[in-house]
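# Secondary and tertiary structure notes
As a plain string of letters, each chain reads:
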Amino acid sequence: MEILCKSYHLCPAICNYACMYQNFQGPDNPTRTKSVQVGVGDETAEVDKNVDISLSSASMKKGGYRACMFVFGLASLENIGFVANMSTMVLYFSYVLYFSLSTSANTLTNFMGSVCLLSLIGGFISDTYINRLYTCLIFGSMEVVALVMVTIQAYSKNLHPDPCGKSSCVEGGKALFLYTSMFLLALGAGGVKGALPALGGDQLYWNGIDGGKALASYFNWYLLSTILGGIIGVTGVVWVNMNKSWYWGFFIGTMTALLGFIVLAIGKPFYRFPPHGNSPLLKIAQVIVVSIRNRHLTPPVSPDELYEISEKERDPSEEKIPHTDQFRFLDKAAILCDGTNADPWKVCTVTQVEEVKVLTRMLPILFSTIIMNTCMAQLQTFSVQQGYFMDPYIGSFKFPTASIPVIPLFFMSFLIPSYQFVFVPFARKITGHPTGITQLQRVGVGLVLSIISMSIAGLIEVKRRNRSIEDPLHPISLFWLSFQYGIFGIADMFTVVGLLEFFYKEAPLGMRSLSTSFTWLSLSFGYFLSTIFVNIINSVTRRIAPSKQGWLHGKNLNSNKLNLFYWFLAVLSCLNLANYVFWASWYKYKIKDSEFKTEAKSTNGQN
């Protein structure tokens, strides 16, 4: 195709799209028939009979940043209500549903953990059964229904419990209504998070065609879109929640989410969708089962002796991955014994084995970021409750306590463009890397900043508690919290984008949604770990403290030791950073078959 284009001097855009079209036609596709030889001068090109070289202008317009704009629209609009709810829900649980301090924090972190954990479902479905757009719209409808239920409960006094002095006062039908809406909201929002980032990535990184620069920029702009929506949420919507009524705030979040999904659906004519392959979980299971079955076999010395299929036989949802030396035990799955048929449950291809190796190499990176997300959970729970005991006034204006996250979001809205247009070009000149620094280096910067944030959070809490005890009528300003929020916001900017790009780019072609969901899986484990830490810390300190009260007991922060909990997380984060550096140094980035061949040719040329 490329030779034909050069010979006839065709439009480069048409040629690029035609090559891409040719690469992604499956063997059973009626438009891909026998190829014919077309001679032009001294060169011969192989052309599909039914591939229309001219291609329609409508097809040529698919993908690119125009398609991504609809993704950015949903990311921003949906995040207006989501971030507002995340910022205020702990207060809603405490002062409307009458949960205790620790129960409110744990309920919110369990909810957020469920949202992120359920993103795996959205990622799996969009990789295997339906495209990412339909996945977002189906789960989005669940999210909108759940937001309607939350609004109804906030509006109806009959669905509010009476104060009871227990850790939770919600019982019976009220509890059923609450937890049904929370589960449906977690499932809907999680499913959308599992598919949406990869939907946008597909528009710019179709089988690696546009390289890493466009993909890295996309995830920066994706994060900026969520931040802009978050700024509106933690200012406007939170102000409505705190000063007007809770149900009005939830109603606004419902309407903006609904509008966002309409915007995403309108963009359907502009999207391009990768072909679906076999179930990623099925392929992983096949490699594990066959490697165990062949555990007594010895892998060949040369990887060329392992089983692999030709490009003509390869599924269009797969990209060939060259053999690597890590996890040699899994290579036993690619040994084809004499007299054995090439059945998927008897032998796996090298590419299939390498896909499992890629996912296995990702796991230590995933687990090394959990502690940071546990730290982030504190900013959405205990730090919000800290603000409730601080001076919220700027002159005569009362700043909503739950709106304090707008400070880091505001800074990040300027830092992300600065990072993209200033830092990346500067770093690229020094490192030679297309994105300035690697994805794992970016994550490492975020982990360091999270340690600093937790250390400062402990100092601020000491200052807040001392002032509240010495002079309760004149508490310190709410804006002291901006230090811990601001530093952690920058940390989040580095880490989230780094992880999204890392998991998307390193993942096998047919597992990109599922792999991108690993970012949210790390968040999920972080939130659940926060709940575990709170319970364990309370249980242990209740036994050893002279007062026989836990660090995080009751509703009165002034009698708690929240600062010690922050410092505990800071120390734990330092240990985790050392663990992360080890695994990041050990990790080997995926090499595509085309890059492997180019590298091999240059090596042979030097020899």
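Residues numbered from 1 in each chain as written. Predicted model: local features only at pLDDT ≥ 70, side-chain atom pairs only at ≥ 80, totals over all residues. Heavy atoms only, no water.

The chain has the name Protein NRT1/ PTR FAMILY 4.5-like in an unreviewed UniProt entry, where Rhodamnia argentea is given as its organism. The heading Subcellular location (unreviewed entry) in the UniProt record of the chain holds the text "Membrane". Its UniProt record gives the chain the following Sequence similarities (unreviewed entry) comment, quoted word for word: "Belongs to the major facilitator superfamily. Proton-dependent oligopeptide transporter (POT/PTR) (TC 2.A.17) family." (UniProt positions renumbered as here; feature names shortened; annotations may be inferred.)

Before going further, it helps to examine the overall build of the chain. Across its full length, the chain carries 20 helices and 4 strands. Counting the 607 residues in the chain, one finds 56% classified as buried. Surface exposure of the chain reaches about 26200 Å², of which carbon and sulfur atoms provide 63%. (Helix = DSSP H or I, 4+ residues; strand = E, 2+ residues; numbered from the N terminus. Buried < 20%, exposed > 50% of the residue type's maximum accessible area, 1.4 Å probe, protein only. Areas by Shrake-Rupley, 256 points an atom, 1.4 Å probe, with all protein chains shown as cover.)

As for its position among the elements, Ser522 is in helix H18 (residues 512–544). Residue classification places Ser522 among the buried residues on the basis of a relative accessible area of 0%. Sequence-distant contacts of Ser522, defined by excluding residues within four places in its chain, comprise Leu366, Thr369, Ile370 and Asn373. (Contact = heavy atoms within 4.5 Å.)

For helix H4 (residues 64–95), with 32 residues, the first-to-last C-alpha span of 47 Å sits near the 46 Å given by 1.5 Å per residue. The sharpest bend along H4 reaches about 50° and sits at Thr88. (Expected span 1.5 Å × (residues − 1). Bend = angle between axes of the 7 residues up to and from the residue.)

Let's shift gears to helix H7 (residues 132–155). Relative to the 34 Å expected for 24 residues at 1.5 Å per residue, H7 spans 34 Å between its end C-alpha atoms, a close match to the ideal helical length. The residue sitting at the N-terminus of H7 and contributing the capping side-chain oxygen is Asn131; that oxygen lies 3.1 Å from the backbone nitrogen of Leu133. (Polar contact = N/O pair within 3.5 Å; in protein donor to acceptor, adjacent residues only side chain to side chain.)

What follows is about the packing of aromatic side chains. Per the stated rule, a full pass over the model turns up 33 aromatic pairs. With a centroid separation of 6.0 Å and 65° between ring planes, the pair formed by Phe219 and Tyr504 is classed as edge-to-face. In this pair, Phe219 sits in helix H9 (residues 211–243) while Tyr504 sits in helix H17 (residues 482–506), placing the two residues 285 residues apart along the sequence. Summarising the burial analysis for this pair, Phe219 and Tyr504 share the class buried. On the numbers, 6.3 Å between centres and 65° between planes, the contact of Phe410 with Phe411 is edge-to-face. Taken together through their ring pairs, the aromatic side chains of Phe72, Tyr218, Phe219, Tyr222 and Tyr504 make up a single cluster. Positioned above the aromatic ring of Phe82, the side-chain terminus of Lys193 is 4.5 Å from the ring centre. Its end group placed over the ring of Tyr587, Arg361 keeps NZ or CZ at 5.9 Å from the ring centre. (Phe/Tyr/Trp six-rings, centres within 6.5 Å; stacked < 30°, edge-to-face > 60°. Lys NZ or Arg CZ within 6 Å of the ring centre and 35° of its normal.)

A few words now on the confidence of the model for the chain. For the chain, the average pLDDT comes to 79, and 84% of its residues sit at 70 or higher. Counted against residues more than four places away or in other chains, residues 1–60, with its pLDDT under 50, gives 74 contacts. Contacts of residues 594–607 to residues separated by more than four positions or lying in other chains number 4 contacts, the stretch itself having pLDDT below 50. (pLDDT = per-residue confidence, 0-100.)

The next point concerns the nonpolar core. Tyr92, Leu196, Leu264, Met362, Phe382 and Phe565 are the most contacted members of the largest nonpolar core, which has 150 residues in total. Residues in contact with Met362, not counting those within four places in the same chain, are Phe502, Phe503, Glu506, Ala507, Ser515, Phe518 and Tyr587. (Core = buried A, V, L, I, M, F, W, Y, C linked by side-chain atoms within 4.5 Å.)

Before going further, it helps to examine the packing of helix H12 (residues 350–368) against helix H19 (residues 562–586). Remark: H12 packs on H19, axes separated minimally by 9 Å, with the N-to-C direction vectors making an angle of 160°. If you check the angle between H12 and H19, you find them roughly antiparallel. Crossing of H12 against H19: the hand is left-handed. Contacts between H12 and H19 involve Arg361, Pro364, Ile365, Phe367 and Ser368 from the first element and Asn576, Asn579, Tyr580, Trp583, Ala584 and Trp586 from the second. Grouping the constituent residues of the contact of H12 with H19 by class yields 7 nonpolar, 3 polar and 1 charged. (Axes fitted to C-alpha atoms, helices over the stretch in contact; angles between N-to-C directions. Parallel < 35°, antiparallel > 145°, perpendicular 65-115°, else oblique. Left-handed = near helix turned anticlockwise from the far one by under 90°. Nonpolar A, V, L, I, M, F, W, Y, C, P; charged D, E, K, R; others polar.)

All right, on to the environment of Ala195 then. Within the secondary structure, Ala195 sits in helix H8 (residues 172–204). In sequence terms Ala195 and Arg512 are 317 residues apart; their C-alpha atoms lie 9.0 Å from each other.

It is at 6 Å that the axes of helix H6 (residues 119–128) and H8 come closest, and there the two elements cross at 50°. Taken together, the axes of H6 and H8 are oblique relative to one another. Between H6 and H8 the crossing geometry is right-handed. Facing Ser119, Ile121, Gly122, Gly123 and Ser126 of H6, the residues of H8 in contact are Leu187, Gly190, Gly191, Lys193, Gly194 and Ala195. Its residues placed into classes, the contact of H6 with H8 shows 3 nonpolar, 7 polar and 1 charged.

Our focus in this paragraph is the environment of Asn110. Summarising the element assignment, Asn110 is placed in helix H5 (residues 101–117). With 415 residues separating them in the primary sequence, Asn110 and Phe525 have C-alpha atoms 9.7 Å apart.

Time to look at unusual backbone geometry. One non-glycine residue, Phe327, adopts positive backbone phi at about 55°. Its location among the elements puts Phe327 in the loop between helix H11 (280–293) and H12. You can call Phe327 partly exposed: its relative accessible area is 31%.

This part takes up the environment of Thr128. With respect to the helices, strands and loops of the structure, Thr128 is situated in helix H6. C-alpha separation for the pair Thr128 and Ser279, spaced 151 residues apart in sequence, amounts to 5.4 Å. At 3.0 Å, the side chain of Thr128 and the backbone oxygen of Phe124 are in polar contact.

With that settled, the discussion passes to the side chain of Gln326. Within the secondary structure layout, Gln326 lies in the loop between H11 and H12. Note on Gln326: relative accessible area 10%, which makes it buried. Ignoring anything within four residues of it in the chain, the contact list for Gln326 reads Lys357, Arg361, Trp586 and Lys588.

This next bit is on a nonpolar patch on the surface. On the surface, Trp248, Phe251, Met255, Leu258, Leu259, Ile262 and Ile266 cluster together into a nonpolar patch covering about 640 Å² of accessible area. Along the chain, Phe251 turns up in helix H10 (residues 246–266). (Patch = residues over 30% accessible without salt bridge, like charges linked within 9 Å, V, L, I, M, F, W, Y side chains within 5 Å. Salt bridge = Lys/Arg side-chain N within 4 Å of Asp/Glu carboxyl O.)

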